[in-house]
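Take a look at the letters that make up each chain.
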2 protein chains.
Amino acid sequence: MKPADFPEEVHRLIGQLKELPGIGPRSAERICLWLLQNPHAYTEALVDSLTVAKSRIIACPVCGFFATATHCVLCDDPKRDDSQICVVEQATDVMPLERSGVFRGRYHCLGGKLSPLDGVEPDDLRIHGLLKRIDQAKEPVEVILALGSDVEGEATANYLADLLRHRQCTISRIAQGLPVGGGLGQADPLTLMRAMQGRRSW
Amino acid sequence: MKPADFPEEVHRLIGQLKELPGIGPRSAERICLWLLQNPHAYTEALVDSLTVAKSRIIACPVCGFFATATHCVLCDDPKRDDSQICVVEQATDVMPLERSGVFRGRYHCLGGKLSPLDGVEPDDLRIHGLLKRIDQAKEPVEVILALGSDVEGEATANYLADLLRHRQCTISRIAQGLPVGGGLGQADPLTLMRAMQGRRSW
């Protein structure tokens, strides 16, 4: 006797859900069951949101942030400081910085980080666009590298710093150190090393 | 200056994704970014799978497993043993049992477990249908309660056992004890208690 199995339609949906980032086989089953048990209205709303977002949202051709065909809130805002460009990996990295309220300049989303093992080369990132923005700026800009502190983030920062060295800009990098509220006991040795190296006089 | 924000369409999609079980704000952002960066084909396939599954798949009116309007693999299979009904919480609980190949009888999916705090009362579960199946069976059946061993699972098992006591059936419950491959060191005290209580002579 063959063991019982989900209907084909259920398998297909679970298979699709499993491809989403961070969704494993169990989560996919759970989400599928939940969707099938919930009223049609939710699924319809989700399908509609997916279709609308996918058809209307593009990466801004200048900065790479989420934009509609005619409109990018970051590039359109006349009040932002043109003399600073904050380079981040992903469009989603803009939000934590914006929420902190600490930065009022422009952004540049690379769309990833250098990772030769995963086949991500400089040409796969929005680096050419960044150089163009710097070269075409009316005044010298400060380029703030706000990349992750993992190996790929470091490599990307180093690569960009090399490219930018002889251009009309200053380069800085966000600080690494102890997170606020964290004790020395919880910090890993590398973080402590960076915190020591980055110490400031009182 | 107002901090920059996602376009409205992105917010709406993230909001929809956040409602899925096990998906928090960060996962929703990550999935949304992933979907927007991936080719249209994937989103279209997902939308199609969602629509098809939601329109075609129903809960089988007899056993509660995933079924199409005309067809439930569990109820339709003539080779299954009618003298055993395995009661599980959710339709998805059928799959691990089927994969293990240990059970060849019929199933009954309750659609949840009793949980007065969450407002799940006996009438919200497929209990009436279970009683009807037992009462209409040609021969006395064995009802195997394969419910979870959490508080709600226990309560549901006790409730069902009370209801079934004077009906034409025998009642059993799947064993609780040490998981295979697990040492005594990893087991919690309650599991050890159940393992001791359920000990069998060699």
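## So, helix α7 (residues 151–164) of chain B
Residues and elements named next belong to chain B.
Now for step 1: Its 14 residues give α7 an end-to-end C-alpha distance of 20 Å, which sits within 8% of 20 Å, the value for a rise of 1.5 Å per residue.
Now for step 2: Residues of α7 that are buried include every one of Gly153, Glu154, Thr156, Ala157, Leu160, Ala161 and Leu164, and no others. Projected down its long axis, α7 shows its buried positions confined to an angular sector of 165 degrees, all on one face. The outward face of α7, more than 90 degrees from its buried face, is lined by the exposed residues Val151 and Asp162.
Now for step 3: For α7, the elements touching its buried residues are β3 (81–88), α6 (127–136), β5 (141–145), β6 (169–173) and α8 (189–197).

## What to know about the nonpolar core
Now for step 1: In this structure, Phe65(A), Phe66(A), Phe65(B) and Phe66(B) are the most contacted members of the largest nonpolar core, which totals 74 residues.
Now for step 2: Once residues lying within four places of it in the same chain are set aside, the contact partners of Phe65(A) are Ile58(A), Ala59(A), Cys60(A), Cys72(A), Val73(A), Leu74(A), Ala91(A), Val94(A), Met95(A), Cys109(A), Asp5(B) and Phe6(B).

## Points about the pattern of salt bridges
Residues and elements named next belong to chain A.
Now for step 1: Enumeration over the complete set of coordinates arrives at 20 salt bridges over all chains.
Now for step 2: Asp82 is paired through a salt bridge with Arg106; the nearest N and O atoms lie 2.7 Å apart. Of this pair, Asp82 sits in strand β3 (residues 81–88) while Arg106 is found in strand β4 (residues 105–109), placing the two residues 24 residues apart along the sequence.
Now for step 3: Residue classification places Asp82 among the exposed residues on the basis of a relative accessible area of 52%.
Now for step 4: Residue class for Arg106 comes out buried when judged on its relative accessible area of 10%.
Now for step 5: What emerges from the salt-bridge pattern is a single network uniting Glu89, Lys113 and Asp150.

## Thoughts on the packing of helix α1 (residues 8–18) of chain B against helix α2 (residues 25–37) of chain B
Residues and elements named next belong to chain B.
Now for step 1: It is the contact of α1 with α2, at a shortest axis distance of 9 Å, that shows an interaxial angle of 125 degrees. The orientation of α1 relative to α2 falls into the category oblique. Crossing of α1 against α2: the hand is right-handed. Each of Val10, Leu13, Ile14, Leu17 and Lys18 in α1 lies in contact with α2, whose residues at this interface are Pro25, Ala28, Glu29, Ile31, Cys32, Leu35 and Leu36.
Now for step 2: In terms of residue class, the contact of α1 with α2 is built from ten nonpolar, no polar and two charged.

## Some thoughts on the domain arrangement of chain A
Now for step 1: Split by domain assignment, chain A resolves into domain 1 (8–56) and domain 2 (66–201).
Now for step 2: Spacing between the C-alpha centres of domain 1 of chain A and domain 2 of chain A amounts to 34 Å.

## A few points about the sheet that holds β5(B)
All names here are of chain B.
Now for step 1: Taken in spatial order, the four strands make up an open sheet running β4-β3-β5-β6, and their pairing is parallel. Where the open sheet ends on each side, the last strands, each with one partner, are β4 (105–109) and β6. Within the sheet, the average angular offset between the axes of one strand and its neighbour, ignoring direction, is 25 degrees.
Now for step 2: Here β5 pairs with β6 via five bridges, running parallel. Each residue of the ladder has a partner; that of Val141, found in β6, is Cys169.
Now for step 3: The strands touched by α6 are β3, β4, β5 and β6; relative to β4, the strand with the most contacts, the crossing angle is about 155 degrees.
Now for step 4: This element, α7, spans β3, β5 and β6 of the sheet and lies at about 165 degrees to β6.

## Some thoughts on the relation of the copies chain A and chain B
Now for step 1: Of the transformation placing chain A onto chain B, the axial shift is 0.0 Å and the rotation is 180 degrees, giving an RMSD of 0.1 Å. What the superposition gives is, in effect, a two-fold axis relating one chain to the other. Residues of chain A ranked by C-alpha distance from the rotation axis are headed by Val47(A), positioned 2.8 Å from it.
Now for step 2: Residue by residue, 100% of the interface of chain A is reproduced at the interface of chain B, so both copies engage with the same surface.

## Some remarks on the interface of chain A and chain B
Now for step 1: The partner chain B presents 59 residues to the 59 residues of chain A that form the contact.
Now for step 2: In this assembly, chain A packs against chain B so that about 5800 Å² is buried in total across both faces, 70% of it on carbon and sulfur atoms.
Now for step 3: The tally of links between chain A and chain B comes to six salt bridges.
Now for step 4: Note that Arg12(A) and Asp48(B) form a salt bridge whose closest N and O atoms lie 2.8 Å from each other.
Now for step 5: Those elements giving two or more residues to the side of chain A that touches chain B turn out to be α1 (8–18), α2 (25–37), α3 (40–56), β2 (66–67), α4 (73–76) and α5 (94–100) of chain A.
Now for step 6: Broken down by element, the residue count for the side of chain A that touches chain B peaks at 15 residues, all from α3(A).
Now for step 7: Split by residue class, the side of chain A that touches chain B holds 32 nonpolar, twelve polar and 15 charged.

## As for the packing of aromatic side chains
Now for step 1: Tallied over the full model, the rule gives ten aromatic pairs over all chains.
Now for step 2: Here Phe65(A) and Phe6(B) contribute two aromatic rings whose centre-to-centre distance is 6.0 Å and whose plane-to-plane angle is 15 degrees, an arrangement assigned as stacked. Of this pair, Phe65(A) sits in the loop between β1 (58–59) and β2 while Phe6(B) sits in the segment before α1, which puts the two residues in different chains. Neither Phe65(A) nor Phe6(B) differs from the other in exposure class; each is buried.
Now for step 3: With a centroid separation of 5.2 Å and an interplanar angle of 85 degrees, the aromatic rings of Trp34(B) and Tyr42(B) are classed as edge-to-face.

What counts, and where the lines are drawn
Residues numbered from 1 in each chain as written. Chains lettered and ligands numbered in written order. Predicted model: local features only at pLDDT ≥ 70, side-chain atom pairs only at ≥ 80, totals over all residues. Heavy atoms only, no water. Helix = DSSP H or I, 4+ residues; strand = E, 2+ residues; numbered from the N terminus. Expected span 1.5 Å × (residues − 1). Buried < 20%, exposed > 50% of the residue type's maximum accessible area, 1.4 Å probe, protein only. Arc of directions from axis to C-beta. Contact = heavy atoms within 4.5 Å. Core = buried A, V, L, I, M, F, W, Y, C linked by side-chain atoms within 4.5 Å. Salt bridge = Lys/Arg side-chain N within 4 Å of Asp/Glu carboxyl O. Axes fitted to C-alpha atoms, helices over the stretch in contact; angles between N-to-C directions. Parallel < 35°, antiparallel > 145°, perpendicular 65-115°, else oblique. Left-handed = near helix turned anticlockwise from the far one by under 90°. Nonpolar A, V, L, I, M, F, W, Y, C, P; charged D, E, K, R; others polar. Domains from an automatic or database assignment. Pairing = 2+ DSSP bridges. Least-squares fit on C-alpha atoms with pLDDT ≥ 70 in both. Buried area = accessible area lost by both parts, 1.4 Å probe. Phe/Tyr/Trp six-rings, centres within 6.5 Å; stacked < 30°, edge-to-face > 60°.

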